[in-house]
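Summary of the model geometry
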Amino acid sequence: MLSAYLRGQATEFLRALRAAASGGDADSAPALRRASRRIGATLHTFHSALDPAWSAALRRELAWFSGVLAQERLHAATLRRLQAALHEPQGDLGAAKAAALLERRLTLARGRAHSAVLEALGSARFHALADAVALLAGEVPLRGGGRDAGPAGAVLRGHADTAERRLAEAVAALPHDLLDGDGDLGGPCPGYPGDRPGDGDTAWHQVRSLLRLHRYALEVLTEPVPRRLVGAARALDRHRDAAEAASVAAAAARTPRIAPATAYALGNLHAHQRHEVLAARRAFHRTWQSASRDTVTVR
C-alpha cells in the first residue's frame, strides 16, 4: 500500500515535470508542489518503514524544491489579497499609493522567486532529485525486519495514528479564548506597526503542517478524509495567507520617506489582515469541534 502510493505520487511528479519542460501547462508548478509535498510527507510519517538514509536525503531535497516553488505562488496570492482589501473601502490617495507600493514590492519579489524556480530547475541538485524520484516510481526501498516487523496493515496504521495524535496534541495546545460568549471575536485586534511574538502564528503554522501530514497518511491508507479536516485545512490556509499579508503590509509601512497617508493606509491594512487571522482561527476551532462524520475525497 505504501509502495503503491509513493510510486503513484512519483509518477505524478514526473508527469508534471514533463509538462513544465514543454512549457505548455500552467498547472505544472502546482502539480509539482502537490506531488513533492505528498512524497515528502509520506516519507516523514512512515519513515521507520523505509530505508532511513535514502528517506532522509530525499525528504530534504523535496522540502528544498517545494519551498522554492511555493514562494512565487505566495507572493502572487499576497498581492491579490492586499489589493482586494485596499479596494474594499472608498479609496483615497493614501490607499492608491499604498497599492502601488505593494504592487512594486511584490511584483519584484515574485520576479525573483520565478528566477529562483528557473535556476532550481536547471541545477544539478534538481536533476539529482528528479533522478531519485524517477527511481522511486519504479521501486520503493522498504526497510525489512526491525521494529516495524509485523502485519503491514498494523504497521501503517500505527504510523498514521501517531500523525493523528501529534495533530490532536498541537490543536489542544492552541489558545481557545478567541470567542466571547456571543460567538464573536473577543479582544482587540493586534495593531500596527508589526506582528508581535505573542501573535502565535508559528504554532498555527505548525498545526497546518501536522494536519497535512494526517490527511496524507489517510490517503496512503486509502481512507476517506473527514469533512471537518477539509474545512479545517481551508481555515488554516486562510490563516497563513492573512498572516503573510499582514507581515508584508507592516514591512511596506516601514519603507523610508513614504507619505504619512500611505503609512496610515498600510497600518489599517495590517490591522485588517490581523483581524482576518483571528477570524480564520475562529473558523478553525468551530470546524475542528464539528461532530460531522461526512467524508470527501481531496486532491
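Residues numbered from 1 in each chain as written. Predicted model: local features only at pLDDT ≥ 70, side-chain atom pairs only at ≥ 80, totals over all residues. Heavy atoms only, no water.

Some remarks on the overall build of the protein chain
Assigned secondary structure in the protein chain consists of 9 helices and 2 strands. For the protein chain, the sequential pattern of α-helices and β-strands runs α-α-α-α-α-α-α-β-α-α-β. Within the protein chain, buried positions represent 44% of all 299 residues. Intrachain contacts of the protein chain at a sequence separation of at least 6 include 83% that bridge at least 24 residues. Carbon and sulfur atoms provide 54% of the accessible area of the protein chain, an area that totals close to 15200 Å². (Helix = DSSP H or I, 4+ residues; strand = E, 2+ residues; numbered from the N terminus. Buried < 20%, exposed > 50% of the residue type's maximum accessible area, 1.4 Å probe, protein only. Contact = heavy atoms within 4.5 Å. Areas by Shrake-Rupley, 256 points an atom, 1.4 Å probe, with all protein chains shown as cover.)

Some details on the pattern of salt bridges
Summed over all chains, the structure comprises 13 salt bridges. Asp241 serves as the salt-bridge partner of Arg73, at 3.7 Å between the closest nitrogen and oxygen. Of this pair, Arg73 sits in helix H3 (residues 52-86) while Asp241 is found in helix H8 (residues 227-253), placing the two residues 168 residues apart along the sequence. Overall, Arg73 belongs to the partly exposed group, its relative accessible area being 28%. For Arg165, the salt bridge goes to Glu169, with nearest N and O atoms at 4.0 Å. Here Arg165 pairs with Glu169, and both are found in helix H6 (residues 152-172), just 4 residues apart, close to one helical turn. Under the relative-accessibility criterion, Arg165 is labelled partly exposed at 45%. (Salt bridge = Lys/Arg side-chain N within 4 Å of Asp/Glu carboxyl O.)

Re the packing of aromatic side chains
Overall, the coordinates contain 6 aromatic pairs when judged by the stated rule. Between Phe65 and Phe126, the ring centres sit 4.7 Å apart and the planes meet at 40°, which makes this aromatic pair tilted. With Phe65 in helix H3 and Phe126 in helix H5 (residues 124-136), this residue pair connects regions lying 61 residues apart in the sequence. Relative accessible area serves as the criterion here: at 2%, Phe126 is assigned to the buried category. Through successive ring pairs, a cluster of aromatic residues spans Phe13, Trp64, Phe65 and Phe126. Of note, Arg125 hangs over the ring of Trp64, and the distance from its end group to the ring centre comes to 4.2 Å. The ring centre of Trp288 lies 4.4 Å from the NZ or CZ of Arg228, which sits over that ring. (Phe/Tyr/Trp six-rings, centres within 6.5 Å; stacked < 30°, edge-to-face > 60°. Lys NZ or Arg CZ within 6 Å of the ring centre and 35° of its normal.)

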